[in-house]
Amino acid sequence: MRAKLPWLLLLLLTAGAVKAQSVSISGVVVAKEDNLPMPGVTIRVAGTSSGTQTDADGKFKVDVPPASKIVASFIGYTTQEIPVTSQSNYKIVLVAEAKALQELVVVGYGEQNRRTVTGAISTVSAEQIKNIPSPSPDQLLQGRSPGVQVSAGSGEPGSSIMVRVRGATSINASSEPLYVIDGVPIVSQNLARTTFGQPSNPLADLNPSDIESMEILKDASATAIYGARAANGVILITTKRGKSGKPTVSISSYVGTSKAWKDPNDLRVDGPTFERLQNEASANNWIDTYGSITAVNPSGAAYKPAYANPDAAINTNWIDPIMQRGALYNIDASVSGGTEKIKYLVSGNTFKQEGIMKPTLFDRKTFRTNLDFSASDAIKLGTSIFYSTSKRNRIQNGNNINSALANAYFYPSNIPVYNADGTYNRPVWESPVAIVNETEYLMNTDRIIGNVYGDWKLANGLVFRTNWSIDNNYITENQYSNTNLTAGAGVGGTATNSVVRDFNWINENVLTYQTRLAGKHNFNILVGNTLQKNTSNSTSATGSGFPSNSFKTIAAAAVKNSTADETAWGIASFFGRVNYDFSKKYLFTGNIRYDGSSRFGANHRWGMFPSASVGWAVSEENFMKDVKVISELKLRASYGVTGNQGGIGNFASLGLWGGQRGGLRGGGGITPGAGGAAAYADYPGFNPIQLANPDLKWETTAQLDLGIDIGLFQDKLNVTFDYYNKQTKDMLLEVPTPRSTGYSTLLQNYGEMENKGFELGINASPVRTESFTWDIAFNISRNKNLVKKLAAPITMFSREYVRIEEGYPLFSFYVHEQLGVNEQTGDIIWNTGSDEVFNVNTDRFMIGKSAWPDFQGGLTNTFNYKGFDLMAFLQYSYGNHVFNYNRYFFEHGGERTTGYSAQQLDRWQQPGDKTDIPRLARRNYDTNFRPSRHIEDASYLRLKNISLGYAIPKSLTSKIGIGSARLYVSGQNVLTFTKYTGLDPEVSVSPSETIQGIDQGVMPQPRIWMGGINLTF
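Residues numbered from 1 in each chain as written. Predicted model: local features only at pLDDT ≥ 70, side-chain atom pairs only at ≥ 80, totals over all residues. Heavy atoms only, no water.

### Observations regarding the overall build of the protein
Here is step 1 of the chain: When its secondary structure is counted, the protein shows 10 helices and 51 strands.
Here is step 2 of the chain: For the protein, whose C-alpha radius of gyration is 34 Å, the value lies close to the compact-globule estimate of 31 Å for 1017 residues.
Here is step 3 of the chain: On the principal axes, the C-alpha backbone points of the protein span a range of 150 × 70 × 65 Å.
Here is step 4 of the chain: When burial is assessed residue by residue, the protein has 52% of its 1017 residues classed as buried.
Here is step 5 of the chain: At a minimum sequence separation of 6, the contacts of the protein that also span at least 24 residues come to 69%.
Here is step 6 of the chain: Approximately 43500 Å² of the protein is accessible, and the part contributed by carbon and sulfur atoms is 58%. (Helix = DSSP H or I, 4+ residues; strand = E, 2+ residues; numbered from the N terminus. Rg over C-alpha atoms; globule rule 2.2 N^0.38 Å. Buried < 20%, exposed > 50% of the residue type's maximum accessible area, 1.4 Å probe, protein only. Contact = heavy atoms within 4.5 Å. Areas by Shrake-Rupley, 256 points an atom, 1.4 Å probe, with all protein chains shown as cover.)

### Observations concerning the pattern of salt bridges
Here is step 1 of the chain: Following the criterion strictly, the structure yields 40 salt bridges and no others.
Here is step 2 of the chain: In this structure, the salt-bridge partner of Arg-276 is Asp-311, at a minimum N-O distance of 2.6 Å. With a gap of 35 residues between them, Arg-276 in helix α5 (residues 271-290) and Asp-311 in the loop between α5 and β18 (326-338) connect regions that are remote in the sequence.
Here is step 3 of the chain: Of the residues examined, Arg-276 reaches a relative accessible area of 40% and is grouped as partly exposed.
Here is step 4 of the chain: Between Asp-709 and Lys-634 there is a salt bridge, and its shortest N-O distance comes to 3.7 Å. Of the two residues, Asp-709 is situated in strand β32 (residues 699-712) and Lys-634 in strand β29 (residues 630-644); the sequence distance between them amounts to 75 residues. The exposure classification of Asp-709 matches that of Lys-634, with both residues buried.
Here is step 5 of the chain: When salt bridges that share partners are traced, they join Arg-166, Lys-218, Lys-634, Arg-636, Asp-705, Asp-709, Asp-722 and Glu-759 into one network. (Salt bridge = Lys/Arg side-chain N within 4 Å of Asp/Glu carboxyl O.)

### Quick word on the side chain of Asp-705
Here is step 1 of the chain: Along the polypeptide, Asp-705 turns up in strand β32.
Here is step 2 of the chain: Under the relative-accessibility criterion, Asp-705 is labelled buried at 1%.
Here is step 3 of the chain: One polar contact links Asp-705 to Arg-166, side chain to side chain, over a distance of 2.9 Å.
Here is step 4 of the chain: Discounting residues that sit within four places of it in the chain, Asp-705 has contacts with Ala-120, Arg-166, Asp-219, Arg-636, Ala-637, Ser-638, Asp-722, Tyr-723 and Tyr-724. (Polar contact = N/O pair within 3.5 Å; in protein donor to acceptor, adjacent residues only side chain to side chain.)

### Focus: the sheet that holds strand β4 (residues 59-64)
The strands making up a sheet associate through backbone hydrogen bonding, with each pair oriented either parallel or antiparallel.
Here is step 1 of the chain: Taken together, the 3 strands give an open sheet; going across it, the order is β4-β1-β7, and neighbouring strands pair in mixed fashion. For this open sheet the edge positions go to β4 and β7 (89-94), each flanked by a neighbour on one side alone. Put simply, the sheet's adjacent strands are angled 30 degrees from each other on average, direction ignored.
Here is step 2 of the chain: When strand β1 (residues 23-31) meets β7, the two strands line up parallel, connected through 6 bridges. Its bridge partner lying in β7, Val-29 is registered against Ile-92. (Pairing = 2+ DSSP bridges. Axes fitted to C-alpha atoms, helices over the stretch in contact; angles between N-to-C directions.)

### With respect to a nonpolar patch on the surface
Here is step 1 of the chain: A cluster of nonpolar residues, Phe-367, Ile-385, Tyr-387, Ile-448 and Ile-470, forms a patch on the protein surface that exposes about 400 Å² of accessible area.
Here is step 2 of the chain: Inspection of the secondary structure assignment puts Tyr-387 in strand β21 (residues 379-393).
Here is step 3 of the chain: A relative accessible area of 32% means that Tyr-387 is categorised as partly exposed. (Patch = residues over 30% accessible without salt bridge, like charges linked within 9 Å, V, L, I, M, F, W, Y side chains within 5 Å.)

### Overview of the sheet that holds strand β14 (residues 184-185)
Here is step 1 of the chain: Reading across from one edge, β10-β15-β16-β13-β14 is the order of the 5 strands in this open sheet, with mixed pairing throughout. In the strand order of this sheet, the two ends are held by β10 (121-125) and β14, each with one partner.
Here is step 2 of the chain: Judged from the 4 bridges that link them, strand β13 (residues 178-181) and strand β16 (residues 234-239) form a sheet pairing that is parallel. The partner of Tyr-179 across the bridge, within β16, is Ile-235.

### Details of α5
Here is step 1 of the chain: With 20 residues, α5 should cover 28 Å at 1.5 Å per step; its first-to-last C-alpha distance of 29 Å lies within 8% of that length.
Here is step 2 of the chain: Positive phi appears at Gly-291, one or two residues downstream of α5, with a value of about 100 degrees. (Expected span 1.5 Å × (residues − 1).)

### Some details on the environment of Tyr-90
Here is step 1 of the chain: Tracing the backbone through its elements, the reader meets Tyr-90 in strand β7.
Here is step 2 of the chain: Setting aside its immediate chain neighbours within four residues, Tyr-90 contacts Ile-25, Ser-26, Gly-27, Val-28, Ile-82, Pro-83, Val-84 and Thr-85.
Here is step 3 of the chain: At a separation of 2.9 Å, a polar atom in the side chain of Tyr-90 contacts the main-chain amide nitrogen of Thr-85.

### Focus: the nonpolar core
Here is step 1 of the chain: Among the nonpolar cores identified, the biggest contains 57 residues, and Ile-322, Phe-797, Leu-810, Phe-883 and Ile-998 are the most heavily contacted of them.
Here is step 2 of the chain: When residues of this core are traced back to their parent elements, those giving at least two are α6 (404-410), α7 (432-438), β34 (732-736), β39 (802-804), β40 (812-815) and α9 (885-890).
Here is step 3 of the chain: Ranked by residues supplied to this core, first place goes to α6 with 6 residues.
Here is step 4 of the chain: Those residues in contact with Leu-810 that lie beyond four places of it in its chain are Ala-168, Ser-170, Ile-171, Met-753, Asn-785, Val-787, Ile-804, Ser-850, Trp-852 and Glu-993.
Here is step 5 of the chain: Counting residues in each nonpolar core, the second largest holds 24 residues, with Ile-129, Val-163, Ile-186 and Leu-203 among its members. (Core = buried A, V, L, I, M, F, W, Y, C linked by side-chain atoms within 4.5 Å.)

### Structural notes on the packing of aromatic side chains
The description of an aromatic ring pair uses the distance of the two centres, along with the angle that the planes make with each other.
Here is step 1 of the chain: This structure, assessed with the given rule, holds 40 aromatic pairs.
Here is step 2 of the chain: For the ring pair Tyr-409 and Phe-890, a centre distance of 5.7 Å and an interplane angle of 45 degrees mean the geometry is tilted. With a gap of 481 residues between them, Tyr-409 in helix α6 and Phe-890 in helix α9 connect regions that are remote in the sequence.
Here is step 3 of the chain: The exposure class of Tyr-409 is buried, given its relative accessible area of 6%.
Here is step 4 of the chain: Centroid distance Phe-889 to Phe-890: 6.3 Å. Interplanar angle 45 degrees. Geometry classified as tilted. (Phe/Tyr/Trp six-rings, centres within 6.5 Å; stacked < 30°, edge-to-face > 60°.)

### Describing the side chain of Asn-693
Here is step 1 of the chain: Mapped onto the fold, Asn-693 is located in the loop between β31 (685-690) and β32.
Here is step 2 of the chain: The residues contacting Asn-693, other than those within four sequence positions of it, are Gly-601, Ser-653, Leu-746, Leu-747 and Gln-748.

### Focus: unusual backbone geometry
Here is step 1 of the chain: Here Lys-358 and Pro-359 are connected by a cis peptide whose omega angle stands at -15 degrees.
Here is step 2 of the chain: Tracing the backbone shows Pro-359 in the loop between β19 (342-354) and β20 (361-374).
Here is step 3 of the chain: For Asp-182, which is not a glycine, the phi torsion comes out positive at approximately 50 degrees.
Here is step 4 of the chain: Positionally, Asp-182 belongs in the loop between β13 and β14.

### Some details on the confidence of the model for the protein
It should be kept in mind that the predicted coordinates are not to be read in detail where pLDDT is low.
Here is step 1 of the chain: A residue-level look at the protein finds 94% of positions with pLDDT of 70 or above and a mean pLDDT of 88.
Here is step 2 of the chain: Every residue in residues 1-20 is under pLDDT 50, and counting partners more than four places away or in other chains gives 1 contact. (pLDDT = per-residue confidence, 0-100.)

This is the structure:
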């Protein structure tokens, strides 16, 4: 025992010496991105296991040996190693890991780490859409996000695009999503007074190259923060901003050419064939009437063919004179950079695209400035200013007697383009060649979207933001129909000039508080309010009777007329949100918004829209730590209610009176602005034009979402799956009213609709080496739409081909169902119902076919190898149907004098023929027939984009002062695989909320080939 005592004393003395040499230090740990204190951060002495953790305020105190190092570590942040010096207090700043930073997604009024998001949000990045020739950003979403259906109304540059997020939720109101750019809800509906068959697209005013990312908010948890405008989803567009560092100059340019991907000439017959078909039809009709071709009619006349010598018929090509190979070019330039105090980005763009039909053109120029300024540690200011000016040359496009493409099919090939005196030959309607040569229509748009914001840090984690925004549109339209056109020939020329100014201002004030408690409880609390007002005024003037075609301004007209209008609406909102997570494992989000709109009745002006969602990050549980194959597993569920007020009149709840002088049109009808004059002679007068409905209220959509996010093999494979169920009620509908009221309809809250479906997104990186990478992105979605409640069926479109009825989806077709063609007689076999006798007036049916696809989505493959990159993007739609209205007119069996479609060549001609095209005879082609064979399966698979690029090595570019350089070639709409017999399975004559999938004379989408270069300095 005595032998051990000296050693024990020595150990005690040594320990005491070590203790005496230790120093006590303290400090605080904050996160770089928000400067908030970080509880739960591990602080240990380098090379040892001794240490401590930061408290709820991010503070720590620890004893360390002199001249040692301390290590600060926290999950998701880069570990910091700090030398211990003579100072006793330290401030340690932890920086989020690059991977965590990349997972930040934009949500309503802020950002959130994707791993803690409980809503259904899809992201489309700038990398995915770069160098794709598109006039507008909404078209770039096509096939890239599950649950988002995007269809081009036509191939006309700058025309409308239909976007539906998880289906359509309305009939009279709008089903378009809300677009928010850098926090500014923008105007996205057509403002032009002349639609020309397809409305212009306001989103084409934007420059897609400015976009950093687009987030699509789909479920109620993600959208409810926008309340009354979020029933149709929200698309958040974030533009690029400057970053700290030396100035970076970027210049990009591409040029290309376009033409129709399918030759329209293939859809019609030549002159000799037209005459032979007419002769065959007349012969068959003679036989059906008189028994044989040799019989004579009651007056004793024998059969005589309509054309004596079809082989000698001329063959006029009506298509080529109206088509063109369209040129395309784009130039983007930007400079960005900054310091810790001020960051900036300035960009400019010029884009010009000629359509594939003469003389269509879209020409746009844009300028953007994004500026962020840190005035102090507590004050941050910034602005985004965007200016766009665009010009559109247009012609009538689609279902109209003045549509060039439609009339090019109407006109048979056996007549010449010009008469002997050189004038246009127009035996039926307007000459298609006259339309493209003589139409003068020019639309100019000037637009400013701007916002100014200020952030005031009131305390750690507490920030107040105020934001003022405007969206100002100024549109002029000038149209002149000269005397070479039917519209101007009889009146000495006609002209129309209109001016529209639409001004939208928004003020938003948001208070955000972020905090961490006990290192495990993370809160983000947000409250705010919004005030918005929109004012729109328009002036239109018309004139006719010009001295000559050289005089085109209305001042020179002999007869002049004009009108003007002004309207406004406003909305006030209060909202709040709570995001909570416990150790990033158990997640909760709650939203509530309270909106009041000037459009609704005094009894129901305000509406409340709540939502809640929960999530469980299973992969963060301890029992999952050893499951190496799963890098992320998260379960999500949400439910909430959102509203809709879009698409209805600004004074829809009020009783309205209208008045005007001298018999001018306006007022007196069953709907505002319809009917006859309220005046007598030249005396002013007024009359009622709309019944009041003080109980008019919000259309609401309740949505349930169940989702799962899975990451496998260290996130080399990521899968997202969502199931949703959307129930819309209190639909804003024109409901029939008793005639005793003096009106036929009243806008009411009546009707219900359902959208149910699923979405699957898969992202994978099968190969990722130093020299070669392969990335795959695939998505598929299904939406099933159903009208559940309706006051009465609603028939739509020309000849009532579309019908809205309980128990069927929107966009359903209402036709005479053709079951086949009798192989012996060549006559149509109709569905006659129960009586087995076909009645053209009663035997029309909903045949279970609509424009909705059963499935739709996209597949992208991206390869990179030693500076080369190859991208191929396939987009598809399966199960959608299109009413080929062209066939109704041109598959006429001799009942018209218009041209024939190529399908007529597949007609029944002799017993035993198997076809769905009946025998050429009047009994099979009555103009009152609506045969279902014209409803075609328009499923398609399209190679939407393909590009091949090469990045020149920096060892070469640096020698000439270039930071980077990339050359590429690209194609759009390269290949399309479809059974649809028309020009394009995607287009439709109307962008209506209730009409889709109808094709008649619509300009198809072009096939584009181009080459470009990207440079940075």
